[in-house]
Amino acid sequence: MYGVLVLTFSPTELTKSLGRGLLSFPLTFFDEACAFNEAGYRAHVAQQGAAGASGLFAAGGTGEFFSLTLDEYKRVVRAASDEVPDHLPLLAGVGYGTHMAMEFAKAAEANGADGLLVLPPYLVKSEQEGLRRHLTAICRSVGIGVIAYNRDNAVLTPETLDRLAQDCPNLIGLKDGVGDIELLTALRYRMDDRLIFIGGMPTAEVHASAAAAIGMTTYSSAIYNFAPEMALRFFNALRAGRTAEVGDLIRTFFLPYLAIRNRRAGYAVSIVKAGARIAGIDCGPVRLPLLDLTADEERQLAALMQSCRMPVGELA
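Conventions we followed
Residues numbered from 1 in each chain as written. Predicted model: local features only at pLDDT ≥ 70, side-chain atom pairs only at ≥ 80, totals over all residues. Heavy atoms only, no water. Helix = DSSP H or I, 4+ residues; strand = E, 2+ residues; numbered from the N terminus. Buried < 20%, exposed > 50% of the residue type's maximum accessible area, 1.4 Å probe, protein only. Contact = heavy atoms within 4.5 Å. Areas by Shrake-Rupley, 256 points an atom, 1.4 Å probe, with all protein chains shown as cover. Phe/Tyr/Trp six-rings, centres within 6.5 Å; stacked < 30°, edge-to-face > 60°. Expected span 1.5 Å × (residues − 1).

Observations regarding the overall build of the protein
Part 1 of the argument: Within the protein, the secondary structure is distributed over 12 helices and eight strands.
Part 2 of the argument: Out of the 316 residues in the protein, the part that is buried amounts to 57%.
Part 3 of the argument: Taking the intrachain contacts of the protein between residues at least 6 apart in sequence as the baseline, contacts between residues at least 24 apart amount to 71%.
Part 4 of the argument: Of the accessible surface of the protein, which amounts to about 13300 Å², a share of 54% is contributed by carbon and sulfur atoms.

Printed below as a string of structure tokens:
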């Protein structure tokens with residue numbers, strides 16, 4: 001019924017939908033030659049959409065946005081838009097410098113995205129005024145909702161975020177990848193309920209309890225790509241206040257998982273693709289400059305997943 005609409009989710013509707021539950025950032029599938037595997041990706045997005053998430057983000061950090069050409073990006077967003085269930089919003093990552101980010105933003109909107117996640121600008125550090133103008137230009141280039149990603153060289157102050165929210169009605173949220181509780185508290189209380197705050201740390205589950213205490217109602221789960229049942233179980237236990245269950249899952253899975261993830265830079269994405277392959281999902285390798293897990297590390301991850309009763313295929 002929703003498919004007949006040109007824009008399924010207004011910025012206001014998008015905010016409400018995203019706040020209801022867990023968020024998924026689907027992997028981008030590549031073949032062994034690292035070309036985009038569209039058929040595999042379409043099947044994965046459809047499965048992710050049916051598993052219980054409240055929103056999907058195509059070509060985000062976990063989806064290796066940084067490695068996609070504009071033509072590939074258009075194909076990724078269009079494929080995701082075609083496959084995501086009508087009741088779920090689809091957002092797409094955008095980034096690089098302002099003019100390139102605007103080009104990607106317009107491409108995302110034209111190919112069916114309901115919203116954008118603005119990743120940090122490429123390479124350079126800039127002043128708050130530069131970041132404000134950058135985000136304002138992106139917001140004004142589209143009619144869909146926009147979420148700023150607070151991390152690395154794009155960390156916003158409460159004053160900057162406040163002015164952005166006043167100047168850009170389609171700025172609907174902030175995703176945090178910094179984990180600074182003092183800053184998050186200042187941002188959250190400065191903005192009150194004007195924006196949705198989304199947890200966006202790598203392996204966000206280990207930060208979720210602290211983030212929830214200051215009003216972050218949801219977060220993005222990378223492990224949802226290969227273990228949606230575990231991801232949803234943790235999310236539901238957290239929301240229901242089942243602290244013993246949350247603690248057990250952190251001890252038995254998430255901390256051992258982090259011990260593997262933290263061995264090399266870039267493994268926050270690589271370990272998710274490894275988990276998917278172990279679960280029998282043919283997502284292919286990561287693109288350079290990222291590196292895949294070693295064979296021994298992949299065996300360790302398979303053993304961990306098996307001990308936690310996650311789906312494990314032939315690689316175990």
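Observations concerning the packing of aromatic side chains
Part 1 of the argument: Under the definition given, this model contains 12 aromatic pairs.
Part 2 of the argument: Centroid distance Phe-36 to Tyr-41: 5.5 Å. Interplanar angle 65 degrees. Geometry classified as edge-to-face. Of the two residues examined, Phe-36 and Tyr-41, each falls in the buried class.
Part 3 of the argument: By the ring-pair criterion, three or more aromatic residues cluster together here, those being Phe-226, Phe-234, Phe-253, Phe-254 and Tyr-257.

Points about helix α11 (residues 267–278)
Part 1 of the argument: Under the 1.5 Å per step criterion, the end-to-end length of α11 is 16 Å for 12 residues, consistent within 8% with the ideal 16 Å.
Part 2 of the argument: Of all 12 residues making up α11, 11 are buried, and the element is well covered by its neighbours.
Part 3 of the argument: Among all positions of α11, only Tyr-267, Val-269, Ser-270, Ile-271, Val-272, Lys-273, Ala-274, Gly-275, Ala-276, Arg-277 and Ile-278 are buried.
Part 4 of the argument: Buried-residue contacts for α11 involve α10 (243–261) and α12 (295–307).
Part 5 of the argument: Phi turns positive one or two residues past the end of α11, at Gly-280, with a value near 90 degrees.

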